[in-house]
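# Breakdown of the fold
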Amino acid sequence: MEFTAKEIANILNGNIEGDPNTKVNDFSKIEEGKEGTISFIANPKYTKYLKTSKASIILVNKDFNTNDAIQSTLIKVDNAYESFAKLLSFVDTHKITETGISKTASVSEGVKTGKNVYIGDYVFIGKNTIIEDNVKILPHCYIGDNVTIKEGTILYADVKLYHGCQIGAKCIFHAGIVIGSDGFGFAPQSNNNYQKIPQVGSVIIEDNVEIGSNTCIDRATIGSTIIRKGVKLDNLIQIAHNVEIGENTVIAAQTGIAGSTKIGRDCMLGGQVGIVGHLRIGNHVRIAAQSGITSNIKDGEIVQGAPAFDFGKYQKSYVLFRKLPELYKKINELEDHIKKLSNNQ
């Protein structure tokens, strides 16, 4: 790619301060900026690099002002971070442009494919599956019977979709994902064995969902496990049977959600969060990393800890927790002092 500052400003609806003909052909961090690259400043703590960065173009917020002499051309935008992300998407060089079906792919009877579909080497597609326009399925993927994959979705290598899954439009599934495997359902028996409970439900994933590598989403026992539109899941997440995740919720890596829990829309879950089953998590909830959730959470709450409780109270409690050795020592000293006073009476 090669763009001028003027072209970038037009893409991002920004204002130029400097030479509109400045050219760039790559991206860089502000602290590692090199000539011919574009960078950005969204966090004020990185402003100190502005004078020393050699990036040819730097995106900044429109309210950014400085009296320092700057060699770089600035483009002022409403939100530098969002604009940089938009530019990255615009020039993404990893888009899959291939079309057609590989000779080594195995496509079963009754499969329907749309226009501009790509099915890579050693892909298996089961009976009566529907693959809509512009879907890209990379090598070694497995697609079971009666699956639907809607327009523009991308499956990277080794994705596994079990039978009956429904996948929305413009989703991105990264390598190693397993969707639709059996939920963890076993009934204890009198002889201390466990009887498997058949998992006869499905998984429904709506539009514009992105799922990170090696994440697993179990099929429902009855009904459906549902991932609503706009959800973003990180790598290494476990979502159990009959879970429902609301629109535009984001979940970081190594989180585990037990069966039949319902999570609302616009929530944010940090890494390594654990949520027990059959809970109701409200809308706009924030859960800090490594928290353990054992009870329902109301709309808009921010929680932390294991078991989790109000974030502000947790922070205050943690300050006291760190002082426990000192407090314990003081208590012992006070007890000794009280004993001495008692003995002297």
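Quick look at the structure, then.

Rules used in this analysis
- Residues numbered from 1 in each chain as written.
- Predicted model: local features only at pLDDT ≥ 70, side-chain atom pairs only at ≥ 80, totals over all residues.
- Heavy atoms only, no water.
- Helix = DSSP H or I, 4+ residues; strand = E, 2+ residues; numbered from the N terminus.
- Buried < 20%, exposed > 50% of the residue type's maximum accessible area, 1.4 Å probe, protein only.
- Contact = heavy atoms within 4.5 Å.
- Patch = residues over 30% accessible without salt bridge, like charges linked within 9 Å, V, L, I, M, F, W, Y side chains within 5 Å.
- Areas by Shrake-Rupley, 256 points an atom, 1.4 Å probe, with all protein chains shown as cover.
- Salt bridge = Lys/Arg side-chain N within 4 Å of Asp/Glu carboxyl O.
- Core = buried A, V, L, I, M, F, W, Y, C linked by side-chain atoms within 4.5 Å.
- Axes fitted to C-alpha atoms, helices over the stretch in contact; angles between N-to-C directions.
- Parallel < 35°, antiparallel > 145°, perpendicular 65-115°, else oblique.
- Nonpolar A, V, L, I, M, F, W, Y, C, P; charged D, E, K, R; others polar.
- Pairing = 2+ DSSP bridges.
- Phe/Tyr/Trp six-rings, centres within 6.5 Å; stacked < 30°, edge-to-face > 60°.

## Observations concerning the overall build of the protein
When helices and strands are tallied, the protein shows 4 helices and 40 strands. Seen through its principal axes, the protein has C-alpha atoms that stretch 95 × 80 × 30 Å. The buried share of the protein, reckoned over its 345 residues, is 39%. Considering only residue pairs separated by 6 or more positions, the protein has 18% of its internal contacts joining residues 24 or more positions apart.

## Section: a nonpolar patch on the surface
The grouping of Tyr318, Phe321, Leu324 and Leu327 at the surface amounts to a nonpolar patch, some 390 Å² of accessible area in total. Broken down by secondary-structure element, the contributors of at least two residues to the nonpolar patch are helix H3 (311-322) and helix H4 (324-344). Considering the arrangement of structural elements, one finds Leu324 in helix H4.

## Quick word on the nonpolar core
Generally speaking, nonpolar side chains in soluble globular proteins are found buried as a group. Ranked by size, the top nonpolar core spans 49 residues in total, and within it Leu161, Phe173, Ile179, Ile205 and Ile245 carry the most contacts. In this structure Ile245 touches Ile226, Ile227, Arg228, Val231, Leu233, Ile239, Ile251, Ile257 and Ile263, once residues within four positions along its chain are discounted.

## With respect to the packing of H3 against H4
The N-to-C vectors of H3 and H4 enclose an angle of 55 degrees; their axes lie 5 Å apart at closest approach. Between H3 and H4, the angle falls in the class oblique. Contacts between H3 and H4 involve Leu320, Phe321 and Arg322 from the former and Leu324, Pro325 and Leu327 from the latter. Here the residues of the contact of H3 with H4 are counted per class, giving 5 nonpolar, no polar and 1 charged.

## Some points on the pairing of strand S24 (residues 202-205)
Of the pairings in the sheet, the one linking strand S19 (residues 166-167) to S24 comprises 2 bridges and is parallel in character. The residue of S24 that forms the bridge with Ile167 is Ile205. Here S24 runs beside strand S27 (residues 224-227); their pairing, made up of 4 bridges, is parallel. Paired with Val203 across the bridge in S27 is Thr225.

## Quick word on the side chain of Ser202
Along the chain, Ser202 falls in strand S24. On the basis of relative accessibility, which here comes to 12%, the residue Ser202 falls in the buried class. With near-sequence residues (within four places) excluded, Ser202 lies in contact with Gly164, Arg219, Ala220, Gly223, Ser224 and Thr225.

## Overview of unusual backbone geometry
The general pattern is negative phi for most residues beyond glycine and trans for most peptide bonds. Backbone torsion omega between Ala306 and Pro307 reads 0 degrees, so that peptide bond is classified as cis. Relative to the assigned elements, Pro307 resides in the loop between strand S39 (302-305) and strand S40 (308-310). Phi is positive for Asp266, which is not a glycine, with a value near 60 degrees. Counting through the fold element by element, Asp266 comes out in the loop between strand S33 (262-263) and strand S34 (268-269).

## What to know about the packing of aromatic side chains
Tallied over the full model, the rule gives 10 aromatic pairs. Between Phe309 and Tyr314, the aromatic rings sit 5.8 Å apart at their centres with planes inclined by 55 degrees, giving tilted as the arrangement.

## Some details on the pattern of salt bridges
Charged atoms that come close allow side chains of opposite charge to pair. The tally for this structure, following the rule as stated, stands at 9 salt bridges. Between Lys160 and Asp158 there is a salt bridge, with its nearest N and O atoms 3.8 Å apart. Ionic pairing is found between Glu206 and Arg228, a salt bridge with its closest N-O pair at 2.7 Å. In this pair, Glu206 sits in the loop between S24 and strand S25 (210-211) while Arg228 sits in the loop between S27 and strand S28 (232-233), placing the two residues 22 residues apart along the sequence. Among the residues examined, Glu206 registers a relative accessible area of 23% and is labelled partly exposed. For Arg228, a relative accessible area of 24% puts it in the partly exposed group. A single salt-bridge network, built from bridges that share partners, covers Glu206, Arg228 and Glu244.

## Examining the sheet that holds strand S35 (residues 274-275)
Strand order in this open sheet of 10 strands is S9-S12-S15-S18-S21-S26-S29-S32-S35-S38, and the pairing throughout is parallel. In the strand order of this sheet, the two ends are held by strand S9 (106-107) and strand S38 (292-293), each with one partner. In terms of strand pairing, strand S15 (residues 142-143) meets strand S18 (residues 160-161) through 2 bridges, oriented parallel. Of the residues in S18, the one forming a bridge with Tyr142 is Lys160.

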